Structure formats: structure tokens, C-alpha cells
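A look at the structure
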Amino acid sequence: MGEISAIMGRELRKWVRSPPLLLMALIQPLFWMGLYGKAFNLTGLFTVPEDVLRNLPPESTRVVASLFNQVASRLFGSPETDYFSFVATGMTSVIVLFVSVFSGMSIAWDRRLGFLNKLLVAPIRRSSIVLGKVLAASVRALVQATMVLLMGLALGVKLNPASPLLVAGAIASIFLLAVSLSSLVIALTLRLKSWEYHMAVANLLNLPLMFTSTALYPQSIMPDWMKPLATLNPLTHAIEVLRGALLYGNSVDLASFQFHLAYLSVFAILAAGLGSYAANRYLSAER
Amino acid sequence: MGVPAIEAEDLRKVFGDVVAVDGISFSVEEGELFGLLGPNGAGKTTTINILTTLIRPTSGSARVWGYDVRTETSKVRSVIGLVPQDLTVDDELTGIENLRLMASLYHVPKDVAERRIEEVLELVDLKEAARRRVETYSGGMRKRLELAAALIHRPKVLFLDEPTLGLDVQTRAHIWDYIRRLVREEQLTVLMTTHYMEEADANCDRVAVIDRGKIMAIGSPRELKAAHGSDVIELEVQGNGIDLHSLVNGVGGVLDLRVEGSRAVLKVSRGEEVLPELVGRLIGGGAIVRRIEMRRPTLDEVFISLTGRSIREEHGSWEEVFRQRLNIRRVRG
Ligand SMILES: Nc1ncnc2c1ncn2[C@@H]1O[C@H](COP(=O)(O)OP(=O)(O)OP(=O)(O)O)[C@@H](O)[C@H]1O
Ligand SMILES: [Mg+2]
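Read on for a plain summary of the structure. (Residues numbered from 1 in each chain as written. Chains lettered and ligands numbered in written order. Predicted model: local features only at pLDDT ≥ 70, side-chain atom pairs only at ≥ 80, totals over all residues. Heavy atoms only, no water.)

Attention now moves to the overall build of chain B. Looking only at helices and strands, one finds 12 helices and 14 strands in chain B. With respect to the principal axes defined by its C-alpha atoms, chain B has extents near 80 × 45 × 35 Å. When the 333 residues of chain B are sorted by exposure, 52% land in the buried category. About 14900 Å² of surface is accessible on chain B, with carbon and sulfur atoms providing 46% of the total. Taking the 46 positively charged and 52 negatively charged side chains of chain B as two groups, their mean positions are separated by 1 Å. (Helix = DSSP H or I, 4+ residues; strand = E, 2+ residues; numbered from the N terminus. Buried < 20%, exposed > 50% of the residue type's maximum accessible area, 1.4 Å probe, protein only. Areas by Shrake-Rupley, 256 points an atom, 1.4 Å probe, with all protein chains shown as cover. Lys, Arg positive; Asp, Glu negative; His and termini not counted. Charge placed at Lys NZ, Arg CZ, Asp CG, Glu CD.)

All names here are of chain B. The sheet contact formed by strand 12 (residues 254-260) and strand 13 (residues 263-268) spans six bridges and is antiparallel. Within strand 13, the position partnered with V254 by the bridge is V268. Count of turn residues in the strand 12/strand 13 antiparallel hairpin: two residues, of which G261 carries a positive phi of about 65°. (Pairing = 2+ DSSP bridges.)

As a further point, take the site of ligand 1. Residue and element names in this part refer to chain B. Close contacts around ligand 1 come from 14 residues, with N40, G41, K44, T45 and T46 the closest. Here an oxygen atom of ligand 1 sits 3.1 Å away from a polar atom, N or O, in the main chain of A42. Between ligand 1 and T46 there is a distance of 2.5 Å, counted from an oxygen atom to a side-chain nitrogen or oxygen. Here ligand 1 loses 63% of its free accessible area of 640 Å² to cover by the protein chains. For the shell around ligand 1, the elements supplying multiple residues, two or more each, are strand 2 (18-28) and helix 1 (44-51). (Near = heavy atom within 4 Å. Polar contact = N/O pair within 3.5 Å; in protein donor to acceptor, adjacent residues only side chain to side chain.)

This next bit is on the sheet that holds strand 2 of chain B. All names here are of chain B. In space, the four strands of this open sheet follow the order 2-1-4-5, with antiparallel pairing throughout. The sheet is open, and its two borders are formed by strand 2 and strand 5 (67-68), each paired with just one other strand. One ladder, built from five bridges, connects strand 1 (residues 6-15) with strand 4 (residues 59-64); its direction is antiparallel. Residue pairing across strands places R12 opposite S59, the latter belonging to strand 4.

Below, the structure written as C-alpha cells:
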């Protein structure tokens, strides 16, 4: 345990000391949020201009309103949810993806700097090296996700949390997602020689995982072949937990909220197990 | 302890088609300062990496402090310290943060660690700089921090891979002071590599001369020089018309003779006795001696006599080196 927290402490210390890295990582979600959330104001398409509404008979106004509400809730979870809030919560999870994939690079980087040998020659479990890095990535992800969400709030996200317990669930989902993704990435890249290879792997993972999740659009409007991918993608589950906890207010579906959290928990445990196993077996100074 | 501190038996390591270590065996007693001496690419680092469990040997076996480096890796790791050839302390952390990190990786309890950190900082004279980030350190300071980091957990066996490489003479002398003090005060067994002959000569109890993955000889520097070294006489005469070879050939005590135009290099068993006779012969034969020089054996000589090459020059045979020197003089002249 001491060795895991020592490794985690080192990672976090280095991270806190390089603010440029932190800022860089925030730019991308901000960009997506602006592009999707603001430029394509999808909910705007469904808003009926005031004067049209005023000229309609009250009966039909009600029908039109409920129709729009149905469309909105089918697409974005609840009638109150606007598209920007929808994307902002998506992006909060996407930053977790970026941070986790980026963190996998740290082993290749330590190998390059020779520091990996310091770790490998110490009487510690190989899995501790991976777990320390995974936990550090998860703390970073939590902080960065919070920052993205705060940026979203500043730009007009409408939060509607139903209860503190659900918010705790949202925090847990971010943590579990980070553990899942960074464990997988580290397991995949344990033996990579250099961070250049790692960049390739990162690009291979980042965008497909983002676009097969519900970060930018709901699963209901995905092409059929993509829907099962979205269901498997842990990103989708974290995003749904976030939306359930932060946006849907009392209309949240508790059963599916719990299911998403359970899915993430199982995924995180399996991924961390895989990462530890891979480290104990394959992490070495040899390449 | 009846068992040697380090014991290597027929170690081999093959990388693809490169045989980096080619069946080496040696043992190091507790408390010894043992040197692996060899040119670039000899297999020194590879040997250290095997003994410190960083890489697995292709074949052969080794024990450190009685533990098998293949099967008892954890035990080996907890009794050794390694100062690697390339510096590996974390640049972005301060000296003291690096040491604290090492202490936790070696499971040193917190209160013990703080005292120990003070001690090792004292030992390597880094107290003042301890709270600065390592990226602000000089090469010598980094090496000292590296040494301190390797000592945090009071290892039994310390591995030093080129501890003085790339440092200026003064810093090298300092590092050696620290190492000698360690062996004395902390009862350490040290295995080190170097290609600075004088350092190995002055500091090691025993050395193994290693070349192309093979151990050529093992012994104390004194033994090796006595067994493999000889005095070397280099001389140069004026004019090309003289047949140096036949002039010098009859001199007694000459072990080896190489002639290159007007220059000759002789290996002799007792230089002080050969020299007068040699000069007499040359003058008697009508040669004008422009330059004559005698060197006592060094470990470098031992290396040349064992391998036919100089350890100093990174490549090339003895003859090539000789020719290169001639060329340099020619350019100057
Ligand atoms: N990981 C590796 N892959 C392939 N070849 C290697 C590897 N490590 C070492 N070698 C080769 O093995 C040989 C021995 O290398 P090693 O680093 O052990 O030499 P050395 O004696 O430490 O040299 P130096 O004085 O330059 O440090 C060299 O030919 C080197 O190129
Ligand atoms: Mg080396």
C-alpha cells in the first residue's frame, strides 16, 4: 500500500508542477463543448418562436408543447435538458478519457528517462507501479472533470441534481471510468518502446471511444451498428450516470442509474485486475 | 557468511544476434570492492543488469547475497542498491523528495527514513541543495544524489555502473572518497564498472578484465600487472635507411617488438635493464635516437596484452592505435 501511494504521490507532484499540461488538456473539451454545444444548437431547432405560439389556439399549444417535450426527453433524457448541458456532461466524461489515455504514456516516458529502472530494481510489486499510476490518473481525471464541468456552468449548463447521494454517484462514476480506462491503456502500452508509439495508440483510442459513446448525441439517434458499441463503451455508462445525477432532476430513472454504476464498477475491477496482471507478467526493463 | 556476496556462473545474455555477455563466472567476497574493467560494449552494464534483476540471463545462474537473481528477485532487490550508468533520479522532484520516494519504495519506516536521509545527504555533501529540484543540479551533484538514493535502505551489496563517467577529475576524486568511506563505514560489498584504468587500479581490491562479453583475467591490480603487464619502450630514430628490426632483435629480454618505419615499440620484462643495452645497440648501429620513452605496466597494458587492443581508444586494434598516433604526429610536424 505504501509503495502504491508513493508512486501515486510522485505522479501527482509532477502533475501539479506542470500547469501547462493541465491547461492543454482542458482546451480540447472546451473546443468540443463550444463546437457541438453552442454552434450546433440542436435544441434551438425545436424551439417554437414566441409569436407563433401566441397565435396558436391554447389547445394546440399544449399539444405542440407536449410533442416537443417528448422529442426533447427522448433525445436528451428530460424535457428540461438543453443540448448544451447534454454535451457539457458528455465532455466531462470525455476529459476523463483524454486524461486516462494520456496517463498511460507515463510508463513509456519513465522508461525513456530511466526512472522506470529505479522502480523495477526496488523490491515492490510490478502491479504497484501500475496501480499507483492508475490512481494518480484517476485523481487527475476527477480534478480535470470538475474543471470542465465548472467551465460548462460558466457557459450556461443548467444543473438539476436530485440528491447529494446521486452526486456522490456521479463522482464515483468519474473515478471508476478513470480507473477502467487508464488500467486498460497502461496494460496495452506496458512494453511500448517510446511515447511516439504511444501517441499512435492514444489517437487510436481517443476518438473512436468518444464517438461511440453518448457524449455528443443520444444513443437513440445512432446508426444501428453503433448502438451495441455504445452500450459496451464504459464512457456511455459514466455519461449516463452524470446526466442522471446532474441534469434530470427527479425524472431520473434510478434503476438504470444503478445499472450504469454497477457496470462501471465491474468494468473498473476487471480492468485494474488486467492491468496488475499484465504488469506482474510483462513489465520489465527488457523490451 | 561463508557464501560469497556475489556469485556468477557461466552467465550468458544474447540480444538478437549480439552476444553481450558470453559465459562469465566470478565471485565477490563480502566487503570487497570489485571492479569490472572493459571497453565500451564489453558487456559490463549487461552483467550488472542481470545481477540486479533488471534483465534475465539467457543462460547461466547468479546469486547475490545468497539469493538467486532469477527466482528470488524480491529478496535480491531488497539487499542491493544500484547506481546506474545513466542518471535516473527524477529531475522534476527535489533531492529530498527523490530520497523520500526511494525510502518508501524500499519500505523504510517514516521516522527511520528521515534520519537516514539526513545521514546519506551528509555523506554525499548534498545537504544544502537537498531542497532544490534536481534539474538545477550539476552532473556531479546528480551522481552524488544517485549514490545517496542507492544507500537509503542500507543495502548489503552496491552496484555502481561507471560511477565517475563524464565527471571532471576533482569530482571523480570526491566520488571515490565517498565510495571508499562507504565500504569502510557501512561494510558494503561493491561491484563497480569502469573504463578508467587508474581508478580501478587505485581503488579496487580485485578486478575482472572483460572484453566482448568474456572475462579475460581476474585478480588484484598488482597480480594482474605482474602476470600480464610488461614495461613498454617506445622509440624513434632519425632517417629511414636504418633496419630497426634487425638492430633491436638481438636485445635480451624483449618479449614483443613492433616496428613501423623509423619507430618501434618493445615490450620487455625488465625495462631498466633492457634500456642501456638497447641504446648501446642503436648507437652502435649508427642510428640517431630522436626520442625514447619507457612506461611501467598499467592495467591498460594488462588489457592490451590480454586482448591486443587498448581500452582507451574506443575501437581499433593495437596496431591501428599505433598508426593513429603516428598520423597525429605527422600532421603536427
Ligand atoms: N537492449 C539491448 N538490445 C540489443 N543489444 C544490446 C542491448 N543492451 C546491450 N546491447 C549490446 O550488448 C553489448 C554490451 O553492452 P553493454 O551495455 O553491456 O556494454 P558496456 O560494457 O556496459 O559498455 P559501455 O562501457 O559503453 O557502457 C553491446 O554490443 C550492446 O550494443
Ligand atoms: Mg555500460
